[in-house]
Amino acid sequence: MPIESEQTKVRELLVSMTSPVRLVFFYQSFLCETCPSTRQILTELSRLSEQLTFEEYNLQLDREKVEEFGVDKVPAVVVVGTRGNGLCFYGIPSGYEFSSIVDAILLESNGDSGLSTDSRTVVANVTVPTNIQVFVAPT
Amino acid sequence: MMVENSNIRATVVSATEYPDLVRQYGITGVPKTVVNDSVEIFGAQTEEVFIKQALEAFGSDNGKPKAFS
């Protein structure tokens, strides 16, 4: 949970959002120690910008949404902008990963990957479904 | 990358919360990136190197992902 001064910093960062972003949270009621804390973080985060919305689904019960977003673990947070598949985070977004999720929100909102022109050309030519998993450790 | 191309899906996995995945993908340090269960990218890389290595997932078998070993 961000402390008050952190909330002010995050609120200032989120001012640059140009389009709405959904924070789509998947949880289960048992065998998920970090689901309650993740819900709290996301709820508080979503209050920091009118462009952010928070929604939550049960991994076992809300199968249509589970299929739609392709999640298979909890806690999961999919940061969804107006284009693309969104960026999925598995695990509680605390520590360094809190900064990552804020970056993901700005990325999804503003739609600017920051890639060079050459990289954009290369990436645009990918025609095969590609799953990129980045393993990290919260600090 | 996923913003540039809807064929690309990206997930960030907290290694400490999913020990089964850590074992499955042989994670011994972070960050580690796995592309289509076939290409492994260790540590932080420059944009150019990362994209070059990531696209190796389609470097053989006519674009079909190679099996993870």
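The structure contained in this document is the topic of the report that follows. (Residues numbered from 1 in each chain as written. Chains lettered and ligands numbered in written order. Predicted model: local features only at pLDDT ≥ 70, side-chain atom pairs only at ≥ 80, totals over all residues. Heavy atoms only, no water.)

### Let's talk about the overall build of chain A
Inference 1: For chain A, the count of helices and strands is five helices and five strands.
Inference 2: The order of α-helices and β-strands along chain A, N terminus first, is α-β-α-β-α-β-β-α-α-β.
Inference 3: Its C-alpha radius of gyration of 15 Å places chain A within 12% of the 14 Å reference for a compact globule of 139 residues.
Inference 4: In terms of its C-alpha atoms, chain A occupies a principal-axis envelope of roughly 45 × 35 × 30 Å. (Helix = DSSP H or I, 4+ residues; strand = E, 2+ residues; numbered from the N terminus. Rg over C-alpha atoms; globule rule 2.2 N^0.38 Å.)

### Concerning the pairing of strand β1 (residues 21–27) of chain A
All names here are of chain A.
Inference 1: Taking burial as the measure, the seven residues of β1 include six buried ones, the bulk of the element.
Inference 2: Of the strand pairs in this sheet, β1 and strand β2 (residues 52–58) are connected by seven bridges, and their pairing is parallel. Each bridged residue has a counterpart across the sheet, and for F25 the counterpart in β2 is E56.
Inference 3: Since β1 and β2 lie parallel, the crossover through helix α2 (residues 35–46) that links them has a hand, and here it is right-handed. (Buried < 20%, exposed > 50% of the residue type's maximum accessible area, 1.4 Å probe, protein only. Pairing = 2+ DSSP bridges. Right-handed = clockwise from strand over helix to strand, strands pointing away.)

### Some remarks on the packing of aromatic side chains
Inference 1: Evaluated as defined, the whole model comprises six aromatic pairs over all chains.
Inference 2: Taking the centre distance of 5.5 Å and the plane angle of 45° together, the rings of F135 of chain A and Y25 of chain B count as tilted. With one member in each of two chains, F135 of chain A in strand β5 (residues 130–136) and Y25 of chain B in the loop between α1 (19–24) and β2 (32–35) form a pair that bridges those chains. Y25 of chain B shares its class with F135 of chain A; the two are buried. (Phe/Tyr/Trp six-rings, centres within 6.5 Å; stacked < 30°, edge-to-face > 60°.)

### Description of the state of the cysteines
Residues and elements named next belong to chain A.
Inference 1: Using the criterion set out here, one finds one disulfide over all chains in the structure.
Inference 2: The disulfide that involves C32 links it to C35, with 1.9 Å between the sulfurs. Torsion about the S-S bond of the C32 and C35 cystine: about 85°, corresponding to right-handed handedness. Of the two residues examined, C32 and C35, each falls in the buried class.
Inference 3: Distance from the sulfur of C88, which forms no disulfide, to the nearest cysteine sulfur (C35) is 13 Å. (Disulfide = S-S within 2.5 Å.)

### Description of helix α2 (residues 47–54) of chain B
Inference 1: Three or more residues of α2 of chain B are buried, namely F50, I51 and A54 of chain B. Along α2 of chain B, the residues classed as buried sweep out an arc of 95° about the axis, all on the same side. Of the residues in α2 of chain B, the exposed ones pointing more than 90 degrees away from the buried face are E48 and K52 of chain B.
Inference 2: Summarising the contacts, the buried residues of α2 of chain B are in contact with α5 (117–124) and β5 of chain A together with β2 and β3 (39–42) of chain B. (Arc of directions from axis to C-beta. Contact = heavy atoms within 4.5 Å.)

### Considering the pattern of salt bridges
Inference 1: If you walk through the whole model with that rule in mind, you get eight salt bridges over all chains.
Inference 2: For E68 of chain A, the salt bridge identified is with K65 of chain A, shortest N-O distance 3.3 Å. Of this pair, E68 of chain A and K65 of chain A both sit in helix α3 (residues 63–69), three residues apart, roughly one helical turn.
Inference 3: Of the residues examined, K65 of chain A reaches a relative accessible area of 23% and is grouped as partly exposed.
Inference 4: For the salt bridge of D20 of chain B with R23 of chain B, the shortest nitrogen-to-oxygen distance reads 2.6 Å. Here D20 of chain B pairs with R23 of chain B, and both are found in helix α1, just three residues apart, close to one helical turn. The exposure classification of D20 of chain B matches that of R23 of chain B, with both residues exposed. (Salt bridge = Lys/Arg side-chain N within 4 Å of Asp/Glu carboxyl O.)

### Focus: the side chain of T130 of chain A
Inference 1: The topology assignment puts T130 of chain A in strand β5.
Inference 2: Once residues within four sequence positions are removed from consideration, T130 of chain A is found in contact with N7, I8, R9, V35, N36 and F58 of chain B.

### Describing the sheet that holds strand β4 (residues 87–90) of chain A
Inference 1: On the basis of which strands lie adjacent, the open sheet formed by eight strands has the order β2(A)-β1(A)-β3(A)-β4(A)-β1(B)-β5(A)-β2(B)-β3(B) and mixed pairing. In this open sheet, the two strands that pair with only one neighbour each are β2 of chain A together with β3 of chain B. Within the sheet, the average angular offset between the axes of one strand and its neighbour, ignoring direction, is 20°.
Inference 2: Of the pairings in the sheet, the one linking β1 of chain A to strand β3 (residues 76–80) of chain A comprises five bridges and is antiparallel in character. In the sheet register, F25 of chain A faces β3 of chain A, and the bridge partner there is V77 of chain A. (Axes fitted to C-alpha atoms, helices over the stretch in contact; angles between N-to-C directions.)

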